Amino acid sequence: MNTQKPARNSRGPKPLPPLEKRLHCVSVRLNAIELSRLDELRGGVQRGEWLRMAALDAVPASVPAINQAAWIELSRLASNLNQAQAAINRGEANEHQAQTLADLHASVSALRLSLLGVRL
């Protein structure tokens, strides 16, 4: 007689623990202007998920469309800086290069945050 549990179906996400399951539904009615604003704010996130995150102060930072190209370029630059930093850590760069790259990295990081509207 087989007493083992049957294998869980490997398709789909892993079931949530009972306390994390979302069992309660809250609906909201919006006019056309409000819905348009919600869609503008949520980006690619589903409406209900975005509203839940907003209610729980967990809305992820979004990059304004006007800054998208700058954000992409800065991401590429930051990646290159990280590679340079790795070379420094391996001892393949001199001390002056290390300080220059550290200063540049700090400036790029501050600029990226300012594109998101974060004030330091």
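Everything numeric in this text was worked out from a predicted model, so none of it was measured.

Asker: Please clarify how the overall build of the chain should be interpreted in this entry.
Answerer: Within the chain one finds 4 helices and 0 strands. Listed N to C, the secondary structure of the chain is α-α-α-α in terms of helices and strands. Across the 120 residues of the chain, 11% fall into the buried class. The contacts in the chain between residues at least 6 apart in sequence include a share of 43% that link residues at least 24 apart. Carbon and sulfur atoms provide 56% of the accessible area of the chain, an area that totals close to 10,300 Å².

Asker: Just to check I follow, could you spell out unusual backbone geometry for this structure?
Answerer: In terms of backbone geometry, most residues other than glycine have negative phi values and most peptide bonds are trans. One non-glycine residue, Asp57, adopts positive backbone phi at about 55°. Relative to the helices and strands, Asp57 resides in the loop between α2 (47-55) and α3 (68-89). Since its relative accessible area comes to 74%, Asp57 is described here as exposed.

Asker: Whenever I open this one, the layout of surface pockets confuses me. Can you help?
Answerer: Empty space among the atoms becomes apparent when a probe as large as a water molecule is rolled across them. As a volume, the largest pocket reaches approximately 390 Å³. Along the walls of the largest pocket sit 15 residues, with Val26, Ser27, Gly48, Leu51 and Arg52 positioned nearest its centre. Of all elements in the fold, only α1 (32-42) and α2 reach the threshold of two or more residues within the lining of the largest pocket. Of the residues forming the lining of the largest pocket, the biggest block, 5 residues, is contributed by α2. For the lining of the largest pocket, a count of residues per class yields 9 nonpolar, 3 polar and 3 charged.

Asker: What is the right way to look at the nonpolar core in this model?
Answerer: Here is a general trend for soluble globular proteins: nonpolar side chains tend to be buried in one another's company. Core analysis: the largest hydrophobic core is formed by 5 residues, namely Leu74, Ala78, Leu81, Val108 and Leu115. When residues of this core are traced back to their parent elements, those giving at least two are α3 and α4 (95-115). Element by element, the count of residues in this core is highest for α3, at 3 residues. Setting aside its immediate chain neighbours within four residues, Ala78 contacts Val108 and Arg112.

Asker: Help me understand α4, please; the structure alone is not making it clear to me.
Answerer: Given a rise of 1.5 Å per residue, 21 residues ought to cover 30 Å, and the 31 Å separating the end C-alpha atoms of α4 matches this to within 8%. The complete set of buried residues in α4 reads Ala98, Val108 and Leu115. Projection of α4 onto a plane perpendicular to its axis shows the buried side chains occupying an angular sector of 110°, all on one side. Turned more than 90 degrees off the buried face of α4, the exposed positions are Glu95 and His96.

Cut-off values and rules
Residues numbered from 1 in each chain as written. Predicted model: local features only at pLDDT ≥ 70, side-chain atom pairs only at ≥ 80, totals over all residues. Heavy atoms only, no water. Helix = DSSP H or I, 4+ residues; strand = E, 2+ residues; numbered from the N terminus. Buried < 20%, exposed > 50% of the residue type's maximum accessible area, 1.4 Å probe, protein only. Contact = heavy atoms within 4.5 Å. Areas by Shrake-Rupley, 256 points an atom, 1.4 Å probe, with all protein chains shown as cover. 1 Å grid on protein atoms, 1.4 Å probe; cavity = no way out; pocket = protein on both sides within 12 Å on 5 of 7 lines; lining within 4 Å. Points joined across faces, edges and corners; volume = space filled by probe spheres on them. Nonpolar A, V, L, I, M, F, W, Y, C, P; charged D, E, K, R; others polar. Core = buried A, V, L, I, M, F, W, Y, C linked by side-chain atoms within 4.5 Å. Expected span 1.5 Å × (residues − 1). Arc of directions from axis to C-beta.

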